[in-house]
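As a plain string of letters, each chain reads:
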Amino acid sequence: MGAAPLLEVKDLVKHFPIHKGFIISKQVGAVKAVDGVSFSIDRGETLGLVGESGCGKSTTGRLILRLIEATSGQVWFEGKSILDLEREEMRELRRDMQIIFQDPYASLNPRMTVGDIIGEPLQIHGIARGQEKDKRVRELLEVVGLASYHARRYPHEFSGGQRQRIGVARALAVNPKIIVCDEPVSALDVSIQAQVINLLQDLQEEYGLTYLFIAHDLSVVKHISDRVAVMYLGKIVELTDKESLYDNPLHPYTKALLSAIPIADPILTRERIILEGDVPSPINPPLGCRFHTRCSVAKEICRHEEPAFADAGGGHFVACHLVNK
Ligand code: SF4
């Protein structure tokens, strides 16, 4: 038997209630942002979580860290049921579970120096104060490829890529075990994206980190992920190791996402699968397979029966009637 996963997510659900009425407010519906998501991540592994905006991937990341509370489901971290922890226990556990946000500018307090931004979690968790904290901040700046004198500067004095490095240093400060990377390179120029991804990979090797890497584009997670989960409208529709996903995608949605990635080799061509229509509303997701309104190979059964999320062989999980017959 292999080692237990570091993180296990079971049937996670987040429905944001919609209320109507000013004086007497009552719930009239719910945004089904995350609707029964399950996966696990092993120690030292990177799981890529990919899907179009609004599919629930960032909400999933926030639910795991309890930055927002789940409607139902379970999240296990090192054998602890996170969703059942008291506030104080959760505060302690946050040391092990950090997040890097998409917009490095919005997530860094513009009135604080970089030294204070990176040093804050050290202080909050009682890890280091005074000179010891300053020394640790200088070390962290160097680890992420910045200089120790940058500690005295303010976020606006840095480029987007450098600001993301500050975000990484802040997340690393408390020696976490897992980092939720929530679209950490989406706001950066393509040339800078690779630098930040390489940095995250180097740090993973050096510190044995585990990542949940969230992105809206399959090309971004290809380099860094060991396995990839594809999300559509609140559910995971395909989950497998990187090679299987990129070489042999099984779900029509994954195939469409992959077809949108340009190929560097001019001799190779790939037929572009254009996804018709918009993503349906998560308030009223389509019955049956949620993807059927945009799927070019949908059958009658897809309109009324939800496909099971099942192993199509070798741990390649997919939710599609055409694959799991
Ligand atoms: Fe398309 Fe049907 Fe498969 Fe859904 S279950 S992805 S609609 S073929």
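You'll find the structure just up there.
Residues numbered from 1 in each chain as written. Predicted model: local features only at pLDDT ≥ 70, side-chain atom pairs only at ≥ 80, totals over all residues. Heavy atoms only, no water.

A. Focus on the nonpolar core. If you look at the biggest cluster of nonpolar residues, it comprises 53 residues, and the most contacted ones within it are Leu200, Phe213 and Leu218. Leaving out residues up to four positions away in the same chain, Leu200 has contacts with Ile100, Val168, Cys181, Pro184, Tyr211, Phe213 and Ile224. Leu6, Ile41, Leu65 and Met90 belong to the second-largest nonpolar core, a separate cluster that totals 32 residues. (Core = buried A, V, L, I, M, F, W, Y, C linked by side-chain atoms within 4.5 Å. Buried < 20%, exposed > 50% of the residue type's maximum accessible area, 1.4 Å probe, protein only. Contact = heavy atoms within 4.5 Å.)

B. Representation of the sheet that holds strand E4 (residues 72-77). The 4 strands are arranged E2-E1-E4-E5 in an open sheet whose pairing can be described as antiparallel. Edge strands, defined here as strands with exactly one partner in the open sheet, are strand E2 (26-41) and strand E5 (80-81). Sheet analysis places E4 next to E5, joined by 2 bridges and oriented antiparallel. By the bridge assignment, Trp76 is partnered in E5 with Ser81. (Pairing = 2+ DSSP bridges. Helix = DSSP H or I, 4+ residues; strand = E, 2+ residues; numbered from the N terminus.)

C. How the structure looks around the pattern of salt bridges. Taken as a whole, this structure holds 16 salt bridges when the rule is applied. Here Asp35 makes a salt bridge to Arg290, at a shortest N to O gap of 2.5 Å. On the criterion of sequence distance, the pair formed by Asp35 in strand E2 and Arg290 in the loop between helix H9 (252-259) and strand E11 (310-311) is long-range, its members being 255 residues apart. Look at Asp35 and you get buried, because its relative accessible area is 13%. For Arg290, a relative accessible area of 13% translates into the label buried. Salt-bridge contacts for Glu157 lead to Arg153; the nearest nitrogen and oxygen are separated by 3.9 Å. Judged by its relative accessible area of 40%, Glu157 is partly exposed. A relative accessible area of 32% means that Arg153 is categorised as partly exposed. By sharing partners, the salt bridges in this structure join Arg43, Glu78, Asp96 and Lys177 into a single network. (Salt bridge = Lys/Arg side-chain N within 4 Å of Asp/Glu carboxyl O.)

D. Representation of helix H1 (residues 57-64). Burial runs high along H1: 6 of the 8 residues are buried. For H1, every residue scored as buried is listed here: Lys57, Thr59, Thr60, Gly61, Leu63 and Ile64. Once H1 finishes, Arg66 follows within two positions and takes phi at roughly 60°, a positive value.

E. Just the site of the ligand, in detail. Around the ligand sit 13 residues in total, of which Cys289, Cys295, Cys302, Cys320 and His321 are the nearest. Each residue belonging to the shell around the ligand can be placed in one class, and the counts come to 10 nonpolar, 3 polar and no charged. (Near = heavy atom within 4 Å. Nonpolar A, V, L, I, M, F, W, Y, C, P; charged D, E, K, R; others polar.)

F. Region of the structure containing the pairing of strand E10 (residues 235-241). Summarising burial for E10: 6 of the 7 residues are buried, a large majority. Relative to E10, strand E9 (residues 227-232) runs antiparallel, the two sharing 6 bridges. Looking at the pairing, Tyr232 lines up with Lys235 of E10. Connecting E9 to the next strand, E10, in antiparallel fashion are 2 residues, including Leu233 with a positive phi near 50°. In terms of strand pairing, E10 meets strand E12 (residues 317-318) through 2 bridges, oriented antiparallel. Each bridged residue has a counterpart across the sheet, and for Glu238 the counterpart in E12 is Val318.

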